[in-house]
Amino acid sequence: MASALFDARLYRKDAAEPVSVKVQIESHRLRVLPQPDSLEPDLELDYGRAQVELAGQDKNRIKVQPLDASYALIFQEREVLASLALYAKGTALAKQADLLYQKAGLHKRGEKIYWTKVALAVVLISLIGYLSFGAIVDAAVERVDPSMEGKIGEFIANVNKWQDSGADAERVKRVGDKLVKCLDKPAYKFRFFADQDERVNAFACPGGIIVVNHGLLKAVDSDDELAGVMAHELGHVVHRDSLRAAVHNMGMASLLAIVFGGAASDERVLALANMVKLGEKLESLSFSRKQETLADLSGVALTMKAGYKPEAFITFFQKLEKDEKNGAVPGGESGKLAMSLLSTHPMTSDRIAAIRSEIERLQKEAARPGLH
Amino acid sequence: MDYELLHEGSNAVLKVNLQRGEQIKAEAGAMVAKTGHLVIEGKLWGGMVSALKRSVLGGETLFFQEVTAQEGPGEVLLAPSPPGDVKVIHISGGQDYYVKNGCLLAAMDQIEMDTKAQRLSAGAFSGAGLFVLHLKGNGGFAVSAFGAIMEINVPPGEEYMVDNGHLVAWSGDTSYRIVKAGKNWMSSITSGEGLGCMFTGPGRVYVQTRNPEAFGAWVRRFVPATGG
């Protein structure tokens, strides 16, 4: 009684290449039949001196070899195990073959379960990463020293063609310097620029760079209005909102590099600045409602300290909104031009109420004798 | 189709002579020269999904080039980018091989390829990456490496350890597990060997005599840290 012929590869200890053979499983032994044109002699392996195990990286093939491992047979058909279990019945080899037969069947399913677990783990890690993104951004921002942030700002200022001289720049600088003087121990060296852009906008870059567009300078009726907008932008710098927003856009890898790699060297500054520049259009950095409110409140306090009228900030935005509705801004420009500032700083009624109550609070505080 | 290796060693070139109607697949950018009328086409070998898997997950090129002798016989010369050896591996009778991504230079005859995911431990620590190329069929394929390529036969009943980072290709009949190179963790670290791949025979392993990552780190020691 013998099984059908199985294909196998025969590896001999002293041969470099395996040879293809046919194997027949008989009741007491396993018979190896080389190819008809081969010079290999027939081999017989008694079950008493044979061992069987799964082989290959995926454990998807069967290895049968004598106890002294002088050669090995590699099968790719799982049915070999069933035949061994049947024909070698009663031997340790049959028992082992039967166990492996079941294991090989389970292997395929196990593989699926394994990769499902891996996929689930990846999804879970991504989810945790997504949910803790804000915390990682904050941790990364904490690691950036203000002096390094200043270097990033300097880099950005150098690659942009903003004006630091001329009538517009002089006006921005005059108002800006007056505001900065009222800041309590500023960590940044503030620099003020004007841009020829006709859009009504002003923005802050990391490290204390404040840029005011020509469009905004035309739109303001007084230095009070200009100071209101600039004090608000100064607030974003002091609260590190500009840096946070830029870092937010840099991607997880860069964030982790800052968090774990330290952030001190000049190359890192350059690389960071490049990423900030690439990752974000600085004019359209958008901040959360909370960040806007905090910038409003610190802006109000600063304009008051510097002697400007704090209400001008609200009235300027209300004027812009009115002009936008009418389809025009001062100077006859298209109403759409006002959108830049309004789109990044929508003046909601909540914001107006919060600013008004802050103004009142500060005015009351100032009126009370002996408080400052 | 016949092929031969020229300038074996660090400047190896694979020369393939194609008969009319025959074709080979080669790594993108591997062609050095060819007979004028041979036609080259970029192909997504193994289909879009397999090619994307290979490219996105394995870091291999998305396209392979197919060189075909449509109008008559001709020859093509192929070489890898890094200085290193090229070896041709022949398979038949159901044999298969796993090849580290980036180490397959060309596939001749009736060779099929797909991408296989290794288990996470092997993917993370073998130096071969999570995804490796799986080649089967009948014929030859050429692997390239950094430095020389050594062929190691692992006989039945024996084990052989290869330092991670030196793996190029291994036969499907063998298997490996990740092991500490030293007797314990301390000696693994202090010996500078760290982890290795312990192969179980029977089977064959091809190793590169230089580790590209280690070479990169060595070169970086001589590159000034700051410009100017």
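Note that this is a predicted model, so its numbers are computed, not measured.

A. Representation of the confidence of the model for chain B within the structure. On average, chain B scores 85 in pLDDT, and the residues at 70 or more come to 86%. The ipTM for the predicted assembly is 0.81, set against a pTM of 0.60.

B. Quick look at the environment of Asp109(B). Residue and element names in this part refer to chain B. Within the fold, Asp-109 resides in the loop between strand E10 (104-107) and strand E11 (110-117). Residue Asp-109 is classed as partly exposed on the basis of its relative accessible area of 30%. For the pair Asp-109 and Asn-138, spaced 29 residues apart in sequence, the C-alpha to C-alpha distance is 6.9 Å. Each residue touching Asp-109, except ones within four places of it in the same chain, is listed here: Met-1, Tyr-3, Asn-138, Gly-139 and Gly-140.

C. Expanded view of helix H5 (residues 167-181) of chain A. All names here are of chain A. When the terminal C-alpha atoms of H5 are compared, their 21 Å separation across 15 residues agrees well with the 21 Å that a helix rising 1.5 Å per residue should span. Those residues of H5 that sit buried are Ala-169, Val-172, Val-175, Gly-176, Leu-179 and Val-180. End-on view of H5: buried residues confined to an arc of 140 degrees, all on one side of the axis. For H5, exposure combined with an orientation more than 90 degrees from the buried face picks out Ala-167 and Lys-181.

D. Representation of the confidence of the model for chain A. For chain A, per-residue confidence averages 81 on the pLDDT scale, and 83% of positions sit at 70 or higher. Ranking the helices and strands of chain A by mean pLDDT puts strand E7 (residues 71-75) of chain A first, with 94, and strand E12 (residues 333-334) of chain A last, with 49.

E. Main features of the packing of helix H3 (residues 133-143) of chain A against helix H8 (residues 241-248) of chain A. Residues and elements named next belong to chain A. The geometry of H3 relative to H8 is characterised by a closest axis approach of 10 Å and an angle of 125 degrees between their N-to-C directions. One way to sum up the angle between H3 and H8 is to call them oblique. Every pair of crossing elements has a handedness; the one defined by H3 and H8 is right-handed. Two secondary-structure elements touch here, H3 through Phe-133, Val-137, Asp-138, Ala-140 and Val-141 and H8 through Leu-243, Arg-244, Val-247 and His-248.

F. Broad picture of the packing of aromatic side chains. Overall, the coordinates contain 14 aromatic pairs over all chains when judged by the stated rule. For the ring pair Tyr97(B) and Phe141(B), a centre distance of 5.9 Å and an interplane angle of 65 degrees mean the geometry is edge-to-face. In this pair, Tyr97(B) sits in strand E9 (residues 96-99) while Phe141(B) sits in strand E12 (residues 131-144), placing the two residues 44 residues apart along the sequence. Residues Tyr97(B) and Phe141(B) agree in their burial class; the two are buried. Ring plane angle 85 degrees and centroid distance 5.5 Å describe the contact between Trp170(B) and Tyr176(B), whose orientation is recorded as edge-to-face. Among the residues examined, Trp170(B) registers a relative accessible area of 0% and is labelled buried. Judged by relative accessible area, which is 7%, Tyr176(B) ranks as buried. Across the ring face of Tyr101(A), the terminal group of Arg78(A) is positioned such that the distance to the ring centre comes to 4.6 Å. Against the face of Tyr308(A) rests Lys178(A), its NZ or CZ located 4.5 Å from the ring centre.

G. Quick look at the environment of Thr200(B). Structurally, the position occupied by Thr200(B) is in strand E17 (residues 195-200). You can call Thr200(B) partly exposed: its relative accessible area is 23%. A sequence separation of 46 residues divides Thr200(B) from Val154(B), and the C-alpha atoms of the two residues are 7.0 Å apart. Those residues in contact with Thr200(B) that lie beyond four places of it in its chain are Lys63(A), Val154(B), Glu158(B), Glu159(B), Thr174(B), Ser175(B) and Arg177(B).

Conventions used here
- Residues numbered from 1 in each chain as written.
- Chains lettered and ligands numbered in written order.
- Predicted model: local features only at pLDDT ≥ 70, side-chain atom pairs only at ≥ 80, totals over all residues.
- Heavy atoms only, no water.
- pLDDT = per-residue confidence, 0-100.
- Helix = DSSP H or I, 4+ residues; strand = E, 2+ residues; numbered from the N terminus.
- Buried < 20%, exposed > 50% of the residue type's maximum accessible area, 1.4 Å probe, protein only.
- Contact = heavy atoms within 4.5 Å.
- Expected span 1.5 Å × (residues − 1).
- Arc of directions from axis to C-beta.
- Axes fitted to C-alpha atoms, helices over the stretch in contact; angles between N-to-C directions.
- Parallel < 35°, antiparallel > 145°, perpendicular 65-115°, else oblique.
- Left-handed = near helix turned anticlockwise from the far one by under 90°.
- Phe/Tyr/Trp six-rings, centres within 6.5 Å; stacked < 30°, edge-to-face > 60°.
- Lys NZ or Arg CZ within 6 Å of the ring centre and 35° of its normal.

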